[in-house]
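Here are the chains, one letter per residue:
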Amino acid sequence: MLLDATNRSVFLSKKEMKTFFGAIGKGCTADKAKELLVSKQVVAGVINTAGVVTAWGKK
């Protein structure tokens, strides 16, 4: 895999290489859920979207 920071691109250098975007979707979903809950003054929580975890607050 070749990363090109200038063009903000990724090139998969081998024919059999693949990329999957499931984790990106899960991460975005967790971030948006956290953003919503924080906006509703939820002071702490843990969100787990099938293995992608985000948390905030104390304890």
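Relevant structure appears above.
Note that this is a predicted model, so its numbers are computed, not measured. Here the residue numbers are simple positions, counted from 1 along each chain's written sequence. Reporting of local features is limited, given that this is a predicted model, to residues whose pLDDT is at least 70; pairs of side-chain atoms are given and counted only at 80 or more, and all residues count toward the totals for whole chains, interfaces and linings. Think of the side-chain values as coming from all heavy atoms in the structure, minus any hydrogens and water.

K.L.:
Give me unusual backbone geometry: which residues, what numbers.
P.N.:
You will see that Arg8, though not glycine, has its phi angle at about 50 degrees, which is positive. Along the chain, Arg8 turns up in the loop between strand E1 (2-4) and strand E2 (9-11). Of the residues examined, Arg8 reaches a relative accessible area of 78% and is grouped as exposed. Residue Ala50 is not a glycine yet carries a positive backbone phi of 55 degrees. Only DSSP runs of H or I covering at least 4 residues are called helices, and only runs of E covering at least 2 are called strands; the numbering of each starts at the N terminus. Topologically, Ala50 is positioned in the loop between strand E3 (45-49) and strand E4 (52-56). Think of it in three bands: with a 1.4 Å probe and only protein chains considered, a residue is buried below 20% of the maximum accessible area for its type, exposed above 50%, and partly exposed in between.

K.L.:
Any chance you could break down the side chain of Thr49 for me, citing the residues and the numbers?
P.N.:
Among the structural elements, Thr49 can be located in strand E3. Overall, Thr49 belongs to the buried group, its relative accessible area being 16%. When checking whether two residues touch, look at their non-hydrogen atoms; a contact exists if any pair is within 4.5 Å. Each residue touching Thr49, except ones within four places of it in the same chain, is listed here: Lys26, Thr29 and Ala30.

No statement about biological role is implied by the geometric values presented.
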